[in-house]
Each structure stands twice: as C-alpha cells, then as structure tokens.
Amino acid sequence: MKILVINAGSSSLKYELFNKKLDSLGDGYIERIGQKGQIPNHEKAVKQALESIQEKGLVASLAEIKAVGHRVVHGGEKYSAPVRITPSVQKEIQKLCKLAPLHNPPNLAGIKACKKLLPKAAQIAIFDTAFHQTLPQKAFIYALPYDLYKKEGIRRYGFHGTSHLYLSKVAKKLLGKKADRLVTCHLGNGSSLAAVKNGKSIDTTMGFTPLEGVPMGTRSGDIDPAIAVKLSQKLGPEKADNLLNKQSGLLGLTGKSSDMRDLLATRKSNKKSQLAIDIFCYKVAQKIAAFTASLQGLDAIAFTGGIGENSGYIRAQICQYLPHLGVKVDAAKNRANTTLFSVKESKVSLLAIPADEEKEIASQTLKLL
Ligand code: ADP
C-alpha cells in the first residue's frame, strides 16, 4: 500500500508518495496551475501528479494508493487531530474558508479532485492549526471585547502546526526528557515559533492569521495595530492587507528581496540587508526568551525551515542574545549544520532539523487508517 500526500495551494500543488514504512518514494511540484487571471484547475494538477507517479513506475496501479493525506491550513476550533474527510467534514472545511479565505479553498479543491480521481482511497485531512489547539485560553484570547471571540472566532489559532509537531517529536527522540521545555522555530518564507511543553503546544507566535509574530519574507509580523488601521484608512483595506502580507518583512525592509540567501550574500555591501537580518534575528530571539516564561524554563531550542535548518549565521545571530539562559553554541558544529550544535556544557540543547511536513502528514494519515 502507498500513501499520497497532497499540499494544494492557490497556484501550485506539491505531492509526495510514501510506502507504509514511511519511506519517500518520490515527489513533485506542479507550478502555475491555472494561467494568470484564470481559476486554478486542481483537478488537472492532481491528474498530472498521478500520471507522473505512474510514468516514474512508483506504482504499478493507482489502486495501490490506499490513502491521501491532505494538508489543510485551517481547522478552526473544531479539529485538533487528523480526520477522515466525510461529506460533513468537507462541509466544515468549506465553512472554515471564512477564517482562511486564501488557503482553505485551494485545499478543498485538492480534496475534491482526489475524491474524484482516487475514489477508493481514504481521504484524510491534517490541519495546520491542530497542534496548537492545546493552547490555554490565556495564550489564545486577545485582549479585545470578548464577544469577538465568541461571535466571530477571533482568537489565536497558530499555523505551521505539522512542522512544529514533527520538530518536537524529533527533539524528543534525540533528547528525551531534555526536550520537555522546548521552543520550536520554523524559519522559512513564513516563520513561526512555538512553546512546546511535554510535547504539547502551549503558545505560538502566529495568531488569527499567519501575519502575526516575527518578521517573515514578505509579512510584517507584529506591529502596532494602529498602523494597520492607519494604512487601511489611507490605502483602503485591500491594499493595506497586501502591503502587510506581501510587501513587508525582509522584502519591505530591503526593497529588493524576500529571500534570506540574497540578504546574506549582500549584507556586507548593503546596509539594508544587514538591518533586515538584524531585525529578524533580534525578534526571533525575543520570542524565544518570551516563551521561557510560558515554559517556566528552557531545555532545548529546535530550528527548522529553509533558514532555520540551513543558516548557521542566522542561528548564531539569534543565539547571541540568549547567553543568560545558558545557551552556548558550538561554532564549528553550527557552521556544519550538525543536528546537535550546542556545546556539552550548554544548559540548553540546540538542534537543527530538516523540515519534513510531508512525512509527518503521511505518518498521521497511516495512524488514522
Ligand atoms: P517555505 O516557508 O515557503 O516552505 P522554505 O522553508 O524553503 O520556504 O524557506 C525559504 C527561505 O529559506 C528563503 O528565505 C531562503 O532564502 C532560505 N534559505 C534556503 N536555503 C538557505 C541557506 N542555505 N541559507 C540561508 N537561507 C536559506
């Protein structure tokens, strides 16, 4: 039997095939599904993915695919674990489009396409918000009129849950009890941190939407909310939203690139690149420190994502703010992206772990079967 993992976005579709031992058999990325201005055609993209799987000989017949694990961004308060996608679950995911208008619709389109093209396979949803459903109220309720939570569902949900969960499991495997009070840092185009106590998420930096938290490739992260009001009055809500989500963060600061590799390559000659890097590292370090209050201590920090798992420079810049917590980097190991890169006497274990959300989705899909 084989498990197919599908991550259907608004303009692209990622897929990966696993066997039941969770070995990856092959993957693919279909870009620009739907020409500019047209509605993306997820059915065509899934068809293309399935054809490619057959052409590469990854399956003798599509009937071998017994389950499809779908990444679904928003599970609201309803879903704190993976579920089989029954018609009523599908309706709920549809309802949740209200909370994630950019993400849940393409996820849903991927589900519909797979139901049609692989009608015998079990369809399972794995939600990006699920891991953070263990947050206590004091961490997820905003200090706004309480009715906004009750009536509009305005609260912190948190995202990247599958990645934070995977990271916390790997940390636990490597460190045992020394990962009981853990901060997980997913640093990529989108970035978020989570405070994970005994394997459960108790706080996280992304909020009602993925805009909150540390600065990202193109998202501002935390700002004075009055700035959003001001921008909205000046530009109108749509342009203000676009500015905060698509034109801010590393891109906004440099005016050139949202890509950390570009900033690292130009930091010596371009002050704005260095400033953007400095702001990013400072804010990430501050969040780690804040989460030590949530965790009442700190045993380990785990980094992942394109930036977190690859850039020793960024990890070192973040850790330089944290010696008072007992954080001590082994410079050579950090440069080499060694998994455990803290020195022996460091009070806090430091880990760099490649992200593998697809494998975690496959693992959860298998478990549910
Ligand atoms: P996404 O969040 O879209 O999944 P990734 O996790 O792949 O994206 O992260 C993309 C980010 O990782 C980009 O800013 C990219 O520059 C950065 N990145 C990738 N490789 C490196 C590297 N070797 N050093 C520094 N940054 C890197």
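Quick note: structure is the one above.
Residues numbered from 1 in each chain as written. Predicted model: local features only at pLDDT ≥ 70, side-chain atom pairs only at ≥ 80, totals over all residues. Heavy atoms only, no water.

**Notes on the nonpolar core**
Part 1 of the reasoning: Counting residues in hydrophobic clusters, the biggest one holds 32 residues, and the most contacted among them are L187, L193, F280, I288, I301 and I318.
Part 2 of the reasoning: Of all the secondary structure elements, the ones that give two or more residues to this core are β7 (181-187), β8 (191-197), α10 (260-266), α11 (271-295), β10 (300-304), α13 (312-319) and β11 (349-352).
Part 3 of the reasoning: With nine residues, α11 is the largest single contributor of residues to this core.
Part 4 of the reasoning: Core analysis: the next-biggest nonpolar cluster, separate from the first, contains 21 residues, I6, L17, A45 and L58 among them. (Core = buried A, V, L, I, M, F, W, Y, C linked by side-chain atoms within 4.5 Å. Buried < 20%, exposed > 50% of the residue type's maximum accessible area, 1.4 Å probe, protein only. Helix = DSSP H or I, 4+ residues; strand = E, 2+ residues; numbered from the N terminus.)

**A few points about the environment of L102**
Part 1 of the reasoning: Among the structural elements, L102 can be located in the loop between α2 (87-95) and α3 (104-117).
Part 2 of the reasoning: Separated by 29 residues in the primary sequence, L102 and V73 place their C-alpha atoms 9.6 Å from one another.

**As for the packing of aromatic side chains**
Part 1 of the reasoning: According to the stated counting rule, one finds six aromatic pairs in the structure shown.
Part 2 of the reasoning: With a centroid separation of 5.8 Å and an interplanar angle of 80°, the aromatic rings of Y146 and Y149 are classed as edge-to-face. Pair noted here: Y146 and Y149 are both in helix α5 (residues 146-152), with a separation of three residues, about one helical turn.
Part 3 of the reasoning: The partly exposed category is assigned to Y146, whose relative accessible area is 43%.
Part 4 of the reasoning: Of the residues examined, Y149 reaches a relative accessible area of 10% and is grouped as buried.
Part 5 of the reasoning: Aromatic rings pair up to connect F140, Y146 and Y149 into one cluster.
Part 6 of the reasoning: Here the guanidinium or amino end of R155 rests over the ring plane of F140, the centre of that ring lying 3.5 Å away.
Part 7 of the reasoning: Over the ring of Y157 we find R155, and its NZ or CZ is 5.0 Å from the ring centre. (Phe/Tyr/Trp six-rings, centres within 6.5 Å; stacked < 30°, edge-to-face > 60°. Lys NZ or Arg CZ within 6 Å of the ring centre and 35° of its normal.)

**Side note on the sheet that holds strand β9 (residues 200-204)**
Part 1 of the reasoning: Spatially, the five strands line up as an open sheet ordered β9-β8-β7-β10-β11, and their pairing is mixed. Of all strands in the sheet, those bounded by a partner on one side alone are β9 and β11. Pairwise comparison of adjacent strand axes, ignoring direction, gives a mean angle of 25° for this sheet.
Part 2 of the reasoning: Here β7 pairs with β10 via five bridges, running parallel. Within β10, the position partnered with H186 by the bridge is T304.
Part 3 of the reasoning: With respect to the sheet, helix α6 (residues 161-175) is in contact with β7, β8, β10 and β11, its orientation differing from that of β7 by roughly 135°. (Pairing = 2+ DSSP bridges. Axes fitted to C-alpha atoms, helices over the stretch in contact; angles between N-to-C directions. Contact = heavy atoms within 4.5 Å.)

**Notes on the sheet that holds strand β2 (residues 13-19)**
Part 1 of the reasoning: Strand order in this open sheet of six strands is β3-β2-β1-β4-β6-β5, and the pairing throughout is mixed. Only two strands of the sheet have a single neighbouring strand rather than two, namely β3 (24-30) and β5 (83-84).
Part 2 of the reasoning: On the sheet, helix α1 (residues 42-55) packs against β1 (2-8), β2, β3 and β4 (65-72) and is oriented at approximately 35° with respect to β2.

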